[in-house]
Amino acid sequence: MSDQAVLHVKGRVLVGPEDVRDELWVVGGRVSYDRPAGVRDSRTVEGWALPGLVDAHCHVGLGPHGPVDAATAEKQALTDREAGTLLIRDAGSPSDTRWVDDREDLPKIIRAGRHIARTRRYIRNFAHEIEPEDLVAYVAQEARRGDGWVKLVGDWIDRDLGDLAPSWPRDAVEAAIAEAHRLGARVTAHCFAENSLQDLVEAGIDCIEHATGLTDDLIPLFAGRGVAIVPTLVNIATFPQLAAGGESKFPQWSAHMRRLHERRYDTVRSAYDAGIPVYVGTDAGGSLAHGLVAGEVAELVTAGIPPVDALAATSWAARAWLGRPGLEEGAPADLVVYESDPRADVRVLASPRRVVLNGQVVE
């Protein structure tokens, strides 16, 4: 043990928003705040250290046309790692990415299985596409395959209506969410529109992705039930482009998407002000690039969330919500080091000085 090399992180260690320490050591890939006896420093890293960032809505193994090969999925994960994202909640993927768990150099993934959507009511090749009578069985299947989460597609464009519409009847989601909870899994749902939200929340859902349809009359329901939202504002920024592409065929849908986009910041700020938990997610994968976590934090600040709380939404608070440790004594040493205090200016997140994953400095 006397020759064991350690990593010494010194400067300011942000264990929490107010819990700031001068240094930590990494021994055997784990955090220690006591200098180990009889060891030598193999390396010293200096700066402002944060727990590895969290992207709570990310799709490793998903491309624009569906599942991608392992080499492409690896590039996606590495891109996220380089941005400082060391914990991912994979909010739906058709690819089997369990091999990532055996890689000490790739971010840790919490999987929600594959999306579950209504037949012909989602992006082709992304989801299990089923009818309501099969929803409970598919939720049970994905709950067993995932890591404690299941992902539903709560609404999508209904081509007959020409606008967004709920995917599932109330009784189907009630039964499906109850089954997921029985199996120990939480449930989240993709929702753009207003009219899918009340049934899902009253049915017991745990989280809503995007939540652009959240209105003043629904906010007390979310707050009272403790339902979290992951706004994915860097994805919502694409709504005008999507609306323009669908203008000729679905003008009502296009106008609706523009309205949702125009009020996006007010929606997020109103949710935050009401005490609804808000977490960082980029919706990377599909058509959106990986490595956008810093941009999403900046978007939350633009929406009016105080910088420290926007930072918490990708670090301390997000890790606690997902049941994963931060920089506590004995925790896996997953951290990111910056030149300056990210609490003062979240833009520093875009330029990590060093990334440490499982106690190893990533070059």
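Structural data are supplied above this passage.
Sequence order as written defines the numbering, with residues in each chain counted from 1. Residues qualify for local features only when their pLDDT is at least 70, as the model is predicted, and side-chain atom pairs are given and counted only at 80 or more; totals for whole chains, interfaces and linings, by contrast, use all residues. Note that water and hydrogens are dropped before the side-chain values are worked out from all heavy atoms of the structure.

Secondary structure elements are taken from DSSP: a helix is a run of H or I of four residues or more, a strand is a run of E of two residues or more, and numbering for both begins at the N terminus. For Ser196, the location among the structural elements is in the loop between strand S15 (186–191) and helix H4 (197–202). Polar contacts involving the side chain of Ser196 include one to the side chain of Asp155, which spans 2.8 Å. Every residue pair with non-hydrogen atoms within 4.5 Å of one another is taken to be in contact. Ser196 has contacts with Gly154, Asp155, Pro166 and Cys191, leaving out every residue within four places of it along the chain. Think of a polar contact as two N or O atoms within 3.5 Å of one another; within protein, one of them needs to be a possible hydrogen donor and the other a possible acceptor, and neighboring residues in sequence only count if both atoms come from side chains.

Quick look at the state of the cysteines now. Here, two cysteine sulfur atoms that lie within 2.5 Å of each other are counted as a disulfide. For the structure on display, the rule yields 0 disulfides. Between Cys58, a free cysteine, and Cys207, which holds the nearest cysteine sulfur, the sulfur-to-sulfur gap is 15 Å. Cys207 supplies the cysteine sulfur nearest to Cys191, a cysteine that is in no disulfide, at a spacing of 9.8 Å.

Below, the discussion takes up the environment of Leu242. Along the chain, Leu242 turns up in helix H7 (residues 239–246). C-alpha of Leu242 to C-alpha of Ser254: the two residues are 12 residues apart in sequence and 7.6 Å apart in space. Excluding anything up to four places from it in sequence, Leu242 contacts Trp253 and Met257.

This part covers the pattern of salt bridges. Think of a salt bridge as a Lys or Arg side-chain nitrogen and an Asp or Glu carboxyl oxygen that are within 4 Å of each other. Tallying each qualifying case throughout the model produces 22 salt bridges. Across the salt bridge formed by Asp101 and Arg111, the nearest N and O atoms sit 3.0 Å from each other. With Asp101 in the loop between strand S8 (85–90) and strand S9 (108–111) and Arg111 in strand S9, this residue pair connects regions lying 10 residues apart in the sequence. Using a 1.4 Å probe on the protein chains alone, a residue whose accessible area is under 20% of its type maximum counts as buried, one over 50% counts as exposed, and one in between counts as partly exposed. A relative accessible area of 7% places Arg111 in the buried class. For Arg343, the salt bridge goes to Asp341, with nearest N and O atoms at 2.9 Å. In the salt-bridge network here, residues are joined through shared partners; they are Arg98, Asp101, Arg111 and Asp147.

What follows deals with a positive patch on the surface. Nonpolar side chains (Val, Leu, Ile, Met, Phe, Trp, Tyr) are joined into patches within 5 Å and like charges within 9 Å, using only residues with over 30% relative accessible area and no salt bridge. For every accessible area listed, the method is Shrake-Rupley and the probe measures 1.4 Å; residues are considered covered only by the protein chains on display. Two residue types count as positive, namely Lys and Arg, and two as negative, namely Asp and Glu; His and chain ends fall outside the count. Where a charge lies is defined by one atom per residue type: Lys uses NZ, Arg uses CZ, Asp uses CG and Glu uses CD. Where like charges cluster on the molecular surface, the positive patch consists of Arg120, Arg124, Arg159 and Lys249. Residue position: Lys249 is located in the loop between H7 and helix H8 (251–262). By relative accessible area, which is 63% here, Lys249 ends up exposed.

Packing of helix H2 (residues 135–145) against helix H3 (residues 170–182) leaves a shortest axis separation of 9 Å and a crossing angle of 25°. One finds that H2 runs roughly parallel with respect to H3. Handedness of the H2/H3 crossing: right-handed. Seen from H2, the contacting residues are Leu135, Val136, Val139, Ala140 and Arg144; seen from H3, they are Ala172, Val173, Ala175, Ala176, Glu179, Ala180 and Arg182. By residue class, the composition of the contact of H2 with H3 is 9 nonpolar, no polar and 3 charged. An axis is simply a line fitted to the C-alpha atoms; with a helix, the fit covers only the stretch in contact. Between two such axes, the angle follows the N-to-C directions and lies from 0 to 180 degrees. Put simply, angles under 35 degrees are roughly parallel, angles over 145 are roughly antiparallel, angles from 65 to 115 are roughly perpendicular, and the rest are oblique. The handedness criterion is simple: a crossing whose near helix is rotated anticlockwise from the far helix by less than a right angle is left-handed, and one whose near helix is rotated clockwise is right-handed. For this scheme, ten residues count as nonpolar: Ala, Val, Leu, Ile, Met, Phe, Trp, Tyr, Cys and Pro. Four count as charged, namely Asp, Glu, Lys and Arg, and the remainder, Gly too, count as polar.

Positive phi values are uncommon outside glycine, yet His210 reaches one of about 80°. Of note, His210 is situated in strand S16 (residues 207–210). In this structure His210 comes out as buried when scored by relative accessible area, which is 3%. Positive phi, normally seen in glycine, also occurs at Thr232, with a value near 50°. Tracing the sequence through the fold places Thr232 in the loop between strand S17 (228–230) and helix H6 (233–236). Since its relative accessible area comes to 0%, Thr232 is described here as buried.

The subject of this paragraph is the sheet that holds S9. Note on pairing: two strands pair once DSSP finds at least 2 bridges between them. Across the sheet, 3 strands lie side by side as S5-S8-S9; this open sheet has parallel pairing. Bordering the open sheet on either side are strand S5 (53–58) and S9, each of which pairs with just one other strand. Adjacent strand axes in the sheet meet at a mean angle of 20°, parallel and antiparallel pairs treated alike. Alignment of S5 against S8, held across 4 bridges, turns out to be parallel. Within S8, the position partnered with Val54 by the bridge is Leu87.

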